Amino acid sequence: MSSVELQHISKRFPSVTTPVTALDDVSFLVHDREFFVLLGPTGAGKTTTLRIIAALLKQDEGSVLFDGEPVDGLTPADRDVAFVFQQYSLYPTMTVYDNLAFPLRSPMRKTPEPEIKQRIQHVSEILRISHLLDRKTARLSGGEMQRVSIGRAIVREPRLFLMDEPLSNLDAKLRESLRVELQHMQKTQGNTTLFVTHDQIEALTMADRIGVLDKGRLVQVGTPVDIYDRPANTFVATLVGTPRINLLTASREDGTLTIGNTGMHMPVPAGRTLPAALQVGIRPEDIQLDPAGQFAGRVTLTEPLGVETIVHILSGEQILLSIIPGMTPLRLNDAVQFNILGERLHLFDVDGKRIE
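What you are looking at is a predicted structure, and each value in this text was computed from that prediction instead of being measured.

Peer 1: Help me out: how do you make sense of the side chain of Gln 59 in this one?
Peer 2: Structurally, Gln 59 can be placed in the loop between α1 (46-53) and β4 (61-66). With a relative accessible area of 7%, Gln 59 lands in the buried category. Reaching out from Gln 59, the side chain makes a polar contact with the backbone oxygen of Gly 62 at a distance of 3.2 Å. Within polar-contact distance, the side chain of Gln 59 engages the side chain of Asp 72 at 2.8 Å.

Spelled out as structure tokens, the structure:
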């Protein structure tokens, strides 16, 4: 396995008017044996990043390094990375065994057949596809095909795994199952993996560290705890978390924080120096219903999810989302009292940057 580092990577694509910037001075390091997730919406530059690392695209500026050594002059084959695509890219007329063996039988590798068999047996046991080896891939389900695609990457034993939203075409149950298997495989095999997704649940549950891309710029890198509990700006705060964070305008006067359109007033958190105008983020789990709560509102909607319920509360002119455990007897227009965990507030300036 290898580490991979991007240093000041920029990439622009030509257009009719002005070039479109896909990546703008992107730098980050994926450590050896780390599961690193690039998270961002469609068009953020995630796939472009992977294609530059794999040498399928050439950057306009910057450098790609493997184990500290520049690889900008190397071809895709020489970089020895495995790319798992969103589409399965299998040979439908071949069996699963032959699809897995295909990269090992290439003229560049010429792997002996006994070693090919040994590797395929090992990989198929890890991915639980041993019973499929004699089946044509055209007869597989979506989840089975993606397992084979991943297996074809693993069997090569590359320096680096690049995965471009490999779970996005699967249904929810299969996504959850394969997500767990991928994470377990990475931890037990120690593969260096760069995984791209727009799904914040995949990012939070799988990553050792997450890099958040927004319109071609890397806006934050950190552990899942860093990204969720200390978002660098309002973009990251709203991107991560289900249900979404409550993001509200606010004003500070002396030691009082007034949250706009809600009628709520709170003391300024101890030790914080705040501007007169700012934005306040409140995670739904930090709005806690309490019959003796400091604030009042009424219920406008409940979303029962079994293990928890999302409650929509109208406070003043603002809808707030709260999460409560289990099911609830609350109904439309019920009056409720609630508290807000002041020490858990996320504070941002008017431009959306986190106030530390």
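After that view, the rundown keeps rolling.
Peer 1: Teacher, can you tell me more about helix α5 (residues 142-154) here?
Peer 2: Since the α-helix advances by 3.6 residues per turn, residues separated by three or four positions end up pointing in the same direction. Relative to the 18 Å expected for 13 residues at 1.5 Å per residue, α5 spans 18 Å between its end C-alpha atoms, a close match to the ideal helical length. With twelve of 13 residues buried, α5 lies mostly within the body of the structure. By the burial criterion, the buried members of α5 are Gly 143, Glu 144, Met 145, Gln 146, Arg 147, Val 148, Ser 149, Ile 150, Gly 151, Arg 152, Ala 153 and Ile 154. The elements touched by buried residues of α5 are β6 (81-84), α3 (96-101), α4 (113-127), β7 (160-164) and α6 (172-189).

Peer 1: Mind showing me how you'd approach the sheet that holds β4 here?
Peer 2: Within a sheet, neighbouring strands are paired by backbone hydrogen bonds and run either parallel or antiparallel to one another. Across the sheet, four strands lie side by side as β2-β1-β4-β5; this open sheet has antiparallel pairing. Of all the strands in the sheet, just β2 (20-30) and β5 (69-70) have a single pairing partner and so form its edges. With seven bridges connecting them, strand β1 (residues 4-13) and β2 associate as antiparallel partners. Note on β2: the bridge partner recorded for Ile 9 is Val 26. Here α1 sits on the sheet and contacts β1, β2 and β4; the angle it forms with β1, its principal contact strand, is near 115°.

Peer 1: Looking at this model, I keep getting lost on the packing of α4 against α6. Mind explaining?
Peer 2: The geometry of a pair of packed helices is captured by two quantities: the angle between their axes and the separation between those axes. It is at 10 Å that the axes of α4 and α6 come closest, and there the two elements cross at 130°. When the interaxial angle is binned, α4 and α6 end up oblique. Here α4 contributes His 122, Ile 126 and Leu 127 to the contact with α6, which in turn contributes Glu 181, Met 185 and Gln 189.

Peer 1: In this structure, what is going on with the pairing of strand β16 (residues 295-304)? I would like to understand it.
Peer 2: As a general feature of sheets, a regular strand has side chains that alternate between the two faces. Of the pairings in the sheet, the one linking β16 to strand β19 (residues 335-340) comprises four bridges and is antiparallel in character. From the neighbouring strand, Ala 296 faces β19, where its bridge partner is Gln 337. Summarising the sheet, β16 and strand β17 (residues 308-315) pair through six bridges and their orientation is antiparallel. The partner of Thr 302 across the bridge, within β17, is Val 311. The hairpin turn running from β16 into β17, its antiparallel successor, is three residues long, and Gly 306 in that turn takes a positive phi close to 90°.

Peer 1: Would you mind showing me how to read α1 here?
Peer 2: Of all eight residues in α1, six are buried; the element is thus mostly enclosed. Residues of α1 that are buried: Lys 46, Thr 48, Thr 49, Leu 50, Ile 52 and Ile 53. Ala 55 lies just past α1 and shows a positive phi near 70°.

Peer 1: Explain the nonpolar core here, please?
Peer 2: The nonpolar side chains of a soluble globular protein tend to be buried, and buried together. Ile 120, Ile 150, Leu 182 and Phe 195 are the most contacted members of the largest nonpolar core, which has 44 residues in total. With five residues, α5 is the largest single contributor of residues to this core. Setting aside its immediate chain neighbours within four residues, Phe 195 contacts Phe 35, Phe 36, Val 37, Leu 38, Met 163, Pro 166, Leu 167, Leu 182, Glu 202 and Met 206. If you look at the next biggest cluster of nonpolar residues, it comprises 25 residues, including Ile 259, Leu 274, Val 280 and Ile 355.

Peer 1: Hey, could you run me through the packing of aromatic side chains in this one?
Peer 2: Where two aromatic rings form a pair, the distance of their centres and the angle of their planes describe that pair. For the structure shown, the criterion picks out five aromatic pairs. With 5.0 Å between their ring centres and 5° between their planes, Phe 28 and Phe 36 make a pair best called stacked. Overall, the relative accessible area of 6% leaves Phe 28 in the buried class. Judged by centre distance (5.7 Å) and plane angle (40°), the ring pair of Phe 35 and Phe 195 falls under tilted. Pair noted here: Phe 35 is in strand β3 (residues 35-39) and Phe 195 is in strand β8 (residues 193-197), with a separation of 160 residues, a long-range link. For Phe 195, a relative accessible area of 0% translates into the label buried. Geometry around Tyr 228 places Arg 283 over its ring, the cationic atom sitting 4.1 Å from the centre.

Reading the values: rules and limits
Residues numbered from 1 in each chain as written. Predicted model: local features only at pLDDT ≥ 70, side-chain atom pairs only at ≥ 80, totals over all residues. Heavy atoms only, no water. Helix = DSSP H or I, 4+ residues; strand = E, 2+ residues; numbered from the N terminus. Buried < 20%, exposed > 50% of the residue type's maximum accessible area, 1.4 Å probe, protein only. Polar contact = N/O pair within 3.5 Å; in protein donor to acceptor, adjacent residues only side chain to side chain. Expected span 1.5 Å × (residues − 1). Contact = heavy atoms within 4.5 Å. Pairing = 2+ DSSP bridges. Axes fitted to C-alpha atoms, helices over the stretch in contact; angles between N-to-C directions. Parallel < 35°, antiparallel > 145°, perpendicular 65-115°, else oblique. Core = buried A, V, L, I, M, F, W, Y, C linked by side-chain atoms within 4.5 Å. Phe/Tyr/Trp six-rings, centres within 6.5 Å; stacked < 30°, edge-to-face > 60°. Lys NZ or Arg CZ within 6 Å of the ring centre and 35° of its normal.

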